[in-house]
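Overview (structure and organization)
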Amino acid sequence: MLLVAGVAIGTTLLAGNNMTTALLYLCILIGGLIINGLFAVFVHVAETQLRTQRLLTFAQLTLDLAMAGVVTFVMGGIEARTTILFAFPIVAAALIFHGSLVLLVASLCGATYVTAVLFGQYVSGQSIDLTLLTVPLLFYPAVFLLLGQIMKSLEHIEIIEAREKAYDAFLSLIAHQLKHPASAVTTIIDAMDHSKSTALDPETRQYITMLKAENENQTRLIDNLLEAAPHRHEELHLEALRLDELVDKIAQKVASANERLDDLKKMPHSIQSEVYASSIRLGLVLTNVFDNAFRYSHPGDDVQYAVEEDSDMVKVLIRDSGKGMSEEQIAHQLERFTNEGIRGMEDGHVGGLGLGLFAASQIMHAHGGQLHIHSGSEVGTTVILTLPKEQADDKTRTND
Amino acid sequence: MTKRVLMIEDFPVMQKFYKNALEQEGYQLDVADDGEVALRMVAETDYDVILLDMLLPNVNGIEFLERFSSRPPQTKIIVLSDFTDESRIKRARELGVSDYLVKSDYPPSELVKKLNELDGVSATTDDAKGQS
């Protein structure tokens, strides 16, 4: 690329253009090299974070397009008609091919163009100033390399999107396959737990309780895996529900599963309004948040919760008195498959990928609400879930 | 009066345990392995409640709902499935499903509670209508 840029500058000067124009070309080309190089490094560093990779590639594409616009504008001033004639087949080639192949096609087109001009000169006997040809022939390949880079960026975006879709489809498939036997186990445990035909001895009952808790954990992990898919909540089916009743039900269920019913403290609710939400998904959000509150606090410490409302919003507050989280930990909790989480798992130092709060946050956003975490070392964590209050005529609203 | 329930479910483990739990509570439960068989059964019998799985051989849950168009007004259709895709929930609701339940949240004991609750709710609603 630098060689082409050098040749381009030389030929520009040869063709009678001034030094300022040549320097402008040089700056554009070297700038393009540096910017594209930096983007390539950033994309590489982003590793598994497909969303960041995609954003970077989009930014790179935008810059490339802007630069291509500047170059074309500057070139148009020199030899507009030749540019159009010469560029036409090569732009077409760039749309079909990409990268260095465009340079090859550009060179072939150039050679054909020169042959045609020379043949025309031979046939007509007219004399043509051949130095005018050097600009399109030697400088344009540099421009088309830029064009090739643009095509490469486009292709990169397509690859990332295809990878993202394949990855999510794979996760969904795995999660669905895992959900089926997990539900069967839930059913069997429930049947054992509620069996009226045989009296269970205390030890067997204890095993059943343990089995039930582990199976619930596994089911929630599978649900979180499913709910963490990016396009999962584009079409939410909302139904009218009493949030306070749902919160009470989930709080009791999770406290019972963690054997911490005595630690659960309900603040008086004064809420009367209904919200329009997906009860299945909101149930998962509440299960994740309550489970974290019990998991990261000591038995005997209170887990408090309250449901409040103001004129626009309904709010659920869940507070534990555990060890709390730093700002950095909170940020990681709200990311999907963090590098830290993956590295931790590879090192055998982590208990999960931390998908629960990420999925919860995604679900709240899809409802037009939010999930906030307030936490500090040794002061515990408060999670605040907010949902908009909606009018009855909004109940058919979906996010599609 | 004994409530007649049809469970459309192809997984034998689910059939067995839900059947036990519901029959212990006094429900009369019939089971269909797939949507095709279920369509024949609903043509012959008026059920009070239909418990419908979504993933079924031959005729799946959504296809069953589409083809079971002339249903008696008292028949409540409740989906009991592992699938929680919003598009599926939305379509099922459009086709007249009254509740969409997730199997892991509604094992037999919870489903029995839900059905008893629905009975209570409908009785109250009927009473209220009668008074107005």
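Residue indices begin from 1 for each chain and proceed along its sequence in written order. Lettering for chains starts from A, numbering for ligands starts from 1, and both go in the order in which the items are written. The predicted origin of the model limits local features to residues at a pLDDT of at least 70 and limits the giving and counting of side-chain atom pairs to 80 or more, whereas totals for whole chains, interfaces and linings rest on all residues.

**Side note on the overall build of chain A**
When helices and strands are counted, chain A shows 11 helices and 7 strands. The burial tally for chain A puts 33% of its 400 residues in the buried class. Contact between residues is assigned whenever the C-beta positions, reconstructed from backbone atoms, fall within 7 Å. Sequence-distant contacts, at least 24 apart, represent 76% of the contacts inside chain A between residues at least 6 apart. Counting from the N terminus, the helices are DSSP H or I runs at least four residues long and the strands are E runs at least two residues long. For the exposure call, what matters is how many other C-beta atoms sit within 10 Å of a residue's own: 20 or more marks it buried, 12 or fewer exposed, and in between partly exposed, using C-beta atoms placed from the backbone.

**Focus on unusual backbone geometry**
The phi dihedral of E259(A) is positive, around 55°, even though this residue is not glycine. Summarising the element assignment, E259(A) is placed in the loop between helix 7 (243-257) and strand 2 (264-266). Although it is not a glycine, N58(B) adopts a positive phi angle of roughly 65°. With respect to the helices and strands, N58(B) occurs in the loop between strand 3 (49-52) and helix 3 (61-67).

**Brief notes about the sheet that holds strand 7 (residues 380-388) of chain A**
All names here are of chain A. One open sheet holds the 5 strands; their spatial order is 2-4-5-7-6, and the pairing between them is mixed. In the strand order of this sheet, the two ends are held by strand 2 and strand 6 (370-376), each with one partner. Looking at each pair of strands side by side, their axes are set apart by 15° on average, direction ignored. Two strands qualify as a pair provided that DSSP identifies no fewer than 2 bridges between them. With 7 bridges connecting them, strand 6 and strand 7 associate as antiparallel partners. Across the sheet, the residue bridging to I373 is V383, located in strand 7. Note on definitions: angles span 0 to 180 degrees between N-to-C directions of axes, and those axes are lines fitted to C-alpha atoms, for helices only across the stretch in contact. Across the sheet, helix 8 (residues 279-295) lies against strand 4 (303-309), strand 5 (313-320) and strand 7, angled at about 25° from strand 5, the strand it touches most.

**Focus on helix 2 (residues 35-44) of chain B**
Residue and element names in this part refer to chain B. Turning to helix 2, its buried residues number three or more, namely G35, A38 and V42. Looking down the long axis of helix 2, one finds its buried residues gathered within 50° of arc, a one-sided arrangement. Opposite the buried face of helix 2, at more than 90 degrees from it, the exposed residues are R40, A43 and E44. Buried residues along helix 2 sit in contact with strand 1 (4-8), strand 2 (28-32) and helix 3. This arc describes the spread of directions from the helix axis toward the C-beta atoms.

**Concerning the pairing of strand 4 (residues 76-81) of chain B**
All names here are of chain B. Where burial is concerned, most of strand 4 is hidden: 6 out of the 6 residues are buried. Where burial is concerned, the two faces of strand 4 agree: the one with K76, I78 and L80 and the one with I77, V79 and S81 are both buried. Pairing between strand 3 and strand 4: 4 bridges, direction parallel. Within strand 4, the position partnered with L51 by the bridge is I78. In this view, the connection linking strand 4 to its parallel neighbour strand 5 (residues 99-102) by way of helix 4 (residues 86-94) has right-handed handedness. A crossover counts as right-handed when, viewed with the strands pointing away from the observer, the path leading from the first strand over the helix to the second turns clockwise.

**A closer look at the pairing of strand 2 of chain B**
Where a strand is regular, its side chains alternate between the two sheet faces. All names here are of chain B. Relative to strand 2, strand 1 is paired through 5 bridges, and the arrangement is parallel. In the strand pairing of strand 2, L6 is matched with D30. For the segment spanning strand 1, helix 1 (residues 12-24) and strand 2, crossover handedness is right-handed.

**Comments concerning the interface of chain B and chain A**
Tallying the contact residues gives 20 residues for chain B and 19 residues for chain A. Taken together, the elements giving at least two residues each to the side of chain B that touches chain A come down to helix 1, helix 4 and helix 5 (108-131) of chain B. The nonpolar class holds Ala, Val, Leu, Ile, Met, Phe, Trp, Tyr, Cys and Pro. Asp, Glu, Lys and Arg form the charged class, and all remaining residues, Gly among them, are polar. Classifying every residue of the side of chain B that touches chain A gives 9 nonpolar, 6 polar and 5 charged.

**Regarding the packing of helix 8 of chain A against helix 11 (residues 355-366) of chain A**
All names here are of chain A. At a minimum axis distance of 9 Å, the contact between helix 8 and helix 11 shows a crossing angle of 140°. The interaxial crossing formed by helix 8 with helix 11 has left-handed handedness. Of the residues in helix 11, those touching helix 8 at R281, L284, V285, N288, V289 and N292 are G356, L357, A359, A360, I363 and M364. Among the residues forming the contact of helix 8 with helix 11, the class breakdown is 8 nonpolar, 3 polar and 1 charged. Definitions for this section: a left-handed crossing has its near helix turned counterclockwise from the far helix by less than a right angle. A right-handed crossing has that turn clockwise.

**With respect to the sheet that holds strand 5 of chain B**
Backbone-to-backbone hydrogen bonds join strands into a sheet, with any given pair of strands oriented parallel or antiparallel. Residue and element names in this part refer to chain B. Strand order in the open sheet formed by 5 strands is 2-1-3-4-5, with parallel pairing between adjacent strands. In this open sheet, the two strands that pair with only one neighbour each are strand 2 and strand 5. Direction aside, neighbouring strands of the sheet carry axes that sit 20° apart on average.

**Let's talk about the packing of helix 6 (residues 202-227) of chain A against helix 8 of chain A**
All names here are of chain A. Where helix 6 meets helix 8, the closest approach of the two axes is 11 Å, and the angle between their N-to-C directions is 120°. Considering the angle they form, helix 6 stands oblique to helix 8. Crossing angle aside, the handedness with which helix 6 passes helix 8 is left-handed. For the pair formed by helix 6 and helix 8, the contact residues are R220, D223, N224 and E227 on the first element and R281, L284, T287 and N288 on the second. When an angle is under 35 degrees it counts as roughly parallel; over 145 it counts as roughly antiparallel; between 65 and 115 it counts as roughly perpendicular; any other value is oblique.

**What about the nonpolar core?**
For this analysis, nonpolar core means a set of buried Ala, Val, Leu, Ile, Met, Phe, Trp, Tyr and Cys residues linked through C-beta atoms within 7 Å. In terms of nonpolar packing, the biggest core is built from 41 residues, with V247(A), A251(A), V285(A), V289(A), F290(A) and A360(A) touching the most fellow members. Contributions of two or more residues to this core are made by helix 7, strand 3 (275-277), helix 8, strand 4, strand 5, helix 11, strand 6 and strand 7 of chain A. For V289(A), the contacting residues outside a window of four places in its chain are I318(A), A360(A) and V383(A). Core analysis: the next-biggest nonpolar cluster, separate from the first, contains 39 residues, V5(B), L6(B), I8(B) and L52(B) among them.

**A few points about the confidence of the model for chain B**
A low pLDDT means the predicted coordinates there should not be read in detail. Residue and element names in this part refer to chain B. One confidence number per residue, pLDDT, is output by the predictor and ranges from 0 to 100. In the predicted model, chain B carries a mean pLDDT of 86, and 89% of its residues have values of at least 70. For chain B, the element scoring lowest by mean pLDDT is helix 5, at 64; strand 3 scores highest, at 96. Contacts for the low-pLDDT stretch residues 121-132, under 50 throughout, to residues beyond four places or in other chains number 0 contacts.

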